Amino acid sequence: MNITSSYQSMFRIPELKRRILFTALILLIYRLGGHIPTPGINRAALQAFFEAQSGSLMGLYDMFSGGNLSNATIFALGIMPYISASIILQLLQAVVPYFEKLAKEGEEGRKKINQMTRYGTVGLALVQSFGMSFAVESMGVVAYPGLAFKLMFVLTLTTGTILVMWLGEQITERGIGNGISLIIFIGIVARYPSDVLRTLTQLQDGSMHWFKLIIILAFMLAVIAGIIAITQGQRKIPVQY
């Protein structure tokens, strides 16, 4: 069966078709929410700041959020608080006996860990959004700084993170699965069109040479090939019993 017939057969199965369409709808909602700005912030000044930080850690964080951070949208924190909470819970399972016991309780323990992850996500989102409120005020991009702006900023970003977390869980339960990874993926891929246009513009005005572009593309292909080779790699180990 070739690739074309495989894609065609996906929409012939009602359950699979429903899950694919549901996943596409949720991702569309996520991208639409990524265009709703947070009130009280000068977006042009903030984007200029992030353009200067494109190669830094802030630029990397903005990439994972799909540009929501530099655009000061309600999804500015993205899914990163949820990922941080998940990592913290996984580390606790290795060092704290209570969490280790929960991990071994099967489905019931997994539900409790997921609930704790959600609470941890809200807590981290509150802390991160509160810290970011001071950061954006120090950048000089806030029209009316003060306590009222901080409270509104924290409430908006925390609510946005909770919504993103819920959207990811809906994809996992009712879509094609692994919703958190799909949200991260769509956030990164959403920047590709603008990046391609920016690269073409740099080639036209001479700020980037064709030789440099070829080296970058070759390096990207090599990284993708290496990832695929490691992911699909197998090592057969003889087992005697």
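Please read all numbers here as calculations on a predicted model, not as lab measurements.

**Side note on the packing of aromatic side chains**
Okay, step 1: Scanning the entire structure with this criterion turns up four aromatic pairs.
Okay, step 2: Between the aromatic rings of Phe149 and Phe153, the centroid separation amounts to 5.4 Å while the plane-to-plane angle is 35 degrees, which identifies the pairing as tilted. Note that Phe149 and Phe153 are positioned in helix α8 (residues 147–174) at a spacing of four residues, about one turn of the helix. Pair check on accessibility: Phe149 and Phe153 agree, each one buried.

**Observations concerning the packing of α8 against helix α9 (residues 179–189)**
Okay, step 1: Between α8 and α9, the shortest axis-to-axis distance is 7 Å and the interhelical angle comes to 120 degrees. In terms of orientation, α8 and α9 fall into the oblique class. The segment α8 lies against α9, with Val164, Leu167, Gly168, Ile171 and Thr172 engaging Gly179, Ile180, Leu182 and Ile183.
Okay, step 2: Taken together, the residues of the contact of α8 with α9 break down into six nonpolar, three polar and no charged.

**A closer look at the packing of helix α2 (residues 14–33) against α9**
Helices that pack against each other are described as a pair by the angle of their axes relative to one another and the distance between those axes.
Okay, step 1: In the contact formed by α2 and α9, the axes pass within 11 Å of each other and the chain directions differ by 55 degrees. As far as their axial angle goes, α9 and α2 are oblique. Seen along the crossing, α2 lies across α9 with a hand that is right-handed. Along the contact surface, α2 presents Thr23, Leu27, Tyr30 and Arg31, while α9 presents Leu182, Ile183 and Ile186.
Okay, step 2: Tallied by class, residues from the contact of α2 with α9 come to five nonpolar, one polar and one charged.

Conventions and cut-offs
- Residues numbered from 1 in each chain as written.
- Predicted model: local features only at pLDDT ≥ 70, side-chain atom pairs only at ≥ 80, totals over all residues.
- Heavy atoms only, no water.
- Phe/Tyr/Trp six-rings, centres within 6.5 Å; stacked < 30°, edge-to-face > 60°.
- Helix = DSSP H or I, 4+ residues; strand = E, 2+ residues; numbered from the N terminus.
- Buried < 20%, exposed > 50% of the residue type's maximum accessible area, 1.4 Å probe, protein only.
- Axes fitted to C-alpha atoms, helices over the stretch in contact; angles between N-to-C directions.
- Parallel < 35°, antiparallel > 145°, perpendicular 65-115°, else oblique.
- Contact = heavy atoms within 4.5 Å.
- Nonpolar A, V, L, I, M, F, W, Y, C, P; charged D, E, K, R; others polar.
- Left-handed = near helix turned anticlockwise from the far one by under 90°.

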